[in-house]
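# Examination of the molecular architecture
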Amino acid sequence: MTIAAYLIAFSVLIFLINLFISIRHGEVATGNVWNSRSPEWQVPSPMPVHNYDHPFEVVGEPYDYGLPGSVVR
């Protein structure tokens, strides 16, 4: 149990170090970096008062955007 506790504490320490390094020196992700067609990625940044000007249409299946021949709208 003691060894497991030390291992967990060490892994939390590694996580915290990585978190602070990423906050200070990490690359800022902007926009739709995965080219996803899901509704939450279709709104501009910063978020407007109302999310969508008009109702959106979901095309295709949720995970087919990476398949050959899938249509991006």
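Everything below is about the structure shown above.
For the structure given in this document, a descriptive report is provided here. (Residues numbered from 1 in each chain as written. Predicted model: local features only at pLDDT ≥ 70, side-chain atom pairs only at ≥ 80, totals over all residues. Heavy atoms only, no water.)

### Considering the overall build of the chain
Put simply, the rule reads: Here a strand is any run of E in DSSP of at least two residues, a helix any run of H or I of at least four, and the numbering for each starts at the N terminus. Only protein chains enter the accessibility calculation, which uses a 1.4 Å probe. A residue is then buried if its area is under 20% of the maximum for its type, exposed if over 50%, and partly exposed in between. Residue burial considers only the protein chains on display, and all accessible areas are found by Shrake-Rupley using a 1.4 Å probe.
Each helix and strand counted, the chain has 1 helix and 0 strands in total. Split into buried and exposed, the 73 residues of the chain put 7% on the buried side. Counting only carbon and sulfur atoms, one obtains 65% of the accessible surface of the chain, whose full area is about 7,000 Å².

### A short note on a nonpolar patch on the surface
The test is simple: Like charges are joined within 9 Å and nonpolar side chains (Val, Leu, Ile, Met, Phe, Trp, Tyr) within 5 Å, but only among residues with over 30% relative accessible area and no salt bridge; these make up the patches. A pair is scored as a salt bridge if a Lys or Arg side-chain nitrogen falls within 4 Å of a carboxyl oxygen belonging to Asp or Glu.
On the surface, a nonpolar cluster with roughly 680 Å² of combined accessible area is contributed by Ile-8, Val-12, Phe-15, Leu-16, Leu-19, Phe-20 and Ile-23. The topology assignment puts Leu-19 in helix α1 (residues 2-25). Residue classification places Leu-19 among the partly exposed positions, given a relative accessible area of 34%.

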